[in-house]
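Structure at a glance
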Amino acid sequence: MAGTCSFDSPEFVKILEFCNRYPAETTRPEKNYEDAEQNAKFENWYSDNYMKYQRDQDYLYPFAISAPGGGFSLSHLSYVKAELGGEMTLAGYPSDTGQGGKITNVGSHYTDCGELGIVSTSPNRDAAWEVVKAYVQDAKEYNERPAFSLIDAKFEEQLDGMMYVWSEDKISDIPNIEDNGNKVYPLTQEERDALEGYIRGCDTFMMLDQEVRNIVLEEAGMYFSGDRSAEDTAEAIQKRAALYLAEQN
């Protein structure tokens, strides 16, 4: 399998420029539960930064959209909306198409393995597909983790469930749920349909290679410090990452 990368693309240059709008570091008070005064400083700092979203002083709120599971009720999107205190726009990563969302695996915390795939040169592709198909169709597996199903009917069912309050695995007539002083409302039909459109519009999978990540952070640091342009930085990352992938192949 040949690995490729495209860090010298206009989309990645835009990501660099977007990240450069934020400070490289912030000063955070140390947490010390044995020192009441010091701990109060940390709690005030944390609260002040968290409340910036509700005061419209910060506009970048990273979070992953997941399906209700493992005893959770409503939609993760509903909880985030309640925390932010109003409407929100799902933007994702900067891109020319506006489709900035990424698909990701829920991780080994919920499953015994990460990504599943079938090697194109395998002489037993049909048998391998039967294994993969059995895995993704396992109802117990999906009920125990907050992941959207790959089965279309199950996916639609998960989205429909977000329009209701669930109590003891049954639809309740409760209009909302109280959570940390916030009222969390189910998604409306319009919100549910918009969420479906956003998820179905995601066409790239988010993976992390630690070596590539180190290359990006090292080279991007020169741009953030003002020593190089975003375009030159993207080109430098592309050269190093492409060389690394070629060596791995």
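Residues numbered from 1 in each chain as written. Predicted model: local features only at pLDDT ≥ 70, side-chain atom pairs only at ≥ 80, totals over all residues. Heavy atoms only, no water.

Summing up its helical and strand segments, the protein chain has nine helices and four strands in all. Starting at the N terminus, the α and β elements of the protein chain follow one another as α-α-α-α-α-α-β-β-β-β-α-α-α. Counting over 249 residues, the protein chain shows a buried share of 27%. Contacts in the protein chain between residues far apart in sequence, at least 24 positions, make up 59% of those at least 6 positions apart. Carbon and sulfur atoms make up 51% of the accessible area of the protein chain, which totals about 17,000 Å². (Helix = DSSP H or I, 4+ residues; strand = E, 2+ residues; numbered from the N terminus. Buried < 20%, exposed > 50% of the residue type's maximum accessible area, 1.4 Å probe, protein only. Contact = heavy atoms within 4.5 Å. Areas by Shrake-Rupley, 256 points an atom, 1.4 Å probe, with all protein chains shown as cover.)

Glancing now at a nonpolar patch on the surface. A cluster of nonpolar side chains, Ile 103, Phe 205 and Met 207, forms an exposed patch at the surface whose accessible area comes to about 310 Å². Looking at the element boundaries, Met 207 is found in the loop between helix H7 (189–200) and helix H8 (210–224). For Met 207, a relative accessible area of 62% translates into the label exposed. (Patch = residues over 30% accessible without salt bridge, like charges linked within 9 Å, V, L, I, M, F, W, Y side chains within 5 Å. Salt bridge = Lys/Arg side-chain N within 4 Å of Asp/Glu carboxyl O.)

Let us look at the side chain of Lys 81. Within the fold, Lys 81 resides in helix H3 (residues 76–84). A polar contact of 2.3 Å, which involves the side chain of Lys 81, links it to the side chain of Glu 191. Excluding residues that lie within four positions of it along the chain, Lys 81 makes contacts with Gly 86, Glu 87, Met 88 and Glu 191. (Polar contact = N/O pair within 3.5 Å; in protein donor to acceptor, adjacent residues only side chain to side chain.)

With 16 residues, the main nonpolar core has Phe 7, Phe 12, Leu 16, Val 216 and Ile 237 as its most contacted residues. For this core, the secondary-structure elements that each account for two or more residues are helix H1 (10–19), H8 and helix H9 (230–248). With six residues, H9 is the largest single contributor of residues to this core. If we ignore the near neighbours within four places in the chain, the residues touching Ile 237 are Phe 7, Phe 12, Ile 215, Val 216, Glu 219 and Ala 220. (Core = buried A, V, L, I, M, F, W, Y, C linked by side-chain atoms within 4.5 Å.)

A word on the packing of helix H6 (residues 152–161) against H7. Two elements in contact, H6 and H7, have axes whose closest approach is 10 Å; the angle formed by their N-to-C orientations is 140°. Regarding the angle of H6 to H7, the classification is oblique. Both H6 and H7 take part in a crossing whose hand is right-handed. Residues Asp 152, Phe 155, Glu 156, Leu 159 and Asp 160 of H6 pack against Arg 192, Leu 195, Glu 196, Ile 199 and Arg 200 of H7. Broken down by class, the residue content of the contact of H6 with H7 amounts to four nonpolar, no polar and six charged. (Axes fitted to C-alpha atoms, helices over the stretch in contact; angles between N-to-C directions. Parallel < 35°, antiparallel > 145°, perpendicular 65-115°, else oblique. Left-handed = near helix turned anticlockwise from the far one by under 90°. Nonpolar A, V, L, I, M, F, W, Y, C, P; charged D, E, K, R; others polar.)

A few words now on the packing of aromatic side chains. The final tally for this structure, using the stated rule, is six aromatic pairs. A ring pair is formed by Tyr 223 and Phe 224, whose centres lie 5.5 Å apart and whose planes are at 45°; its orientation type is tilted. Assessed through its relative accessible area of 12%, Tyr 223 is described here as buried. A relative accessible area of 37% places Phe 224 in the partly exposed class. By the ring-pair criterion, three or more aromatic residues cluster together here, those being Phe 42, Trp 45 and Tyr 46. (Phe/Tyr/Trp six-rings, centres within 6.5 Å; stacked < 30°, edge-to-face > 60°.)

In this model helix H2 (residues 36–51) runs 22 Å from its N-terminal to its C-terminal C-alpha over 16 residues, within 8% of the 22 Å that 1.5 Å per residue would give. A side-chain oxygen of the first residue of H2 lies 3.1 Å from the backbone nitrogen of Glu 37; this N-cap is Asp 35. (Expected span 1.5 Å × (residues − 1).)

Counting through the fold element by element, Asp 209 comes out in the loop between H7 and H8. With a relative accessible area of 33%, Asp 209 lands in the partly exposed category. Engagement of the side chain of Asp 209 in a polar contact is seen with the backbone nitrogen of Glu 211, the distance being 3.0 Å.

Of the residues in the protein chain, 86% have a pLDDT of 70 or more, and the chain-wide mean is 81. Here residues 108–112 is a poorly scored stretch, pLDDT under 50, and it has eight contacts once near neighbours within four places are set aside; other chains count. (pLDDT = per-residue confidence, 0-100.)

Time to look at the packing of H1 against H8. Interaxial distance between H1 and H8 falls to 11 Å at its minimum, and their mutual angle equals 60°. The angle between H1 and H8 falls in the class oblique. The chirality of how H1 crosses H8 is right-handed. Residues Phe 12, Leu 16, Glu 17 and Cys 19 of H1 touch H8, and the partners they reach there are Val 216, Ala 220, Tyr 223 and Phe 224.

Among the structural elements, Gln 158 can be located in helix H6. When sequence neighbours within four positions are dropped, the list of residues in contact with Gln 158 reads Ala 67, Ala 147, Phe 148 and Ser 149.

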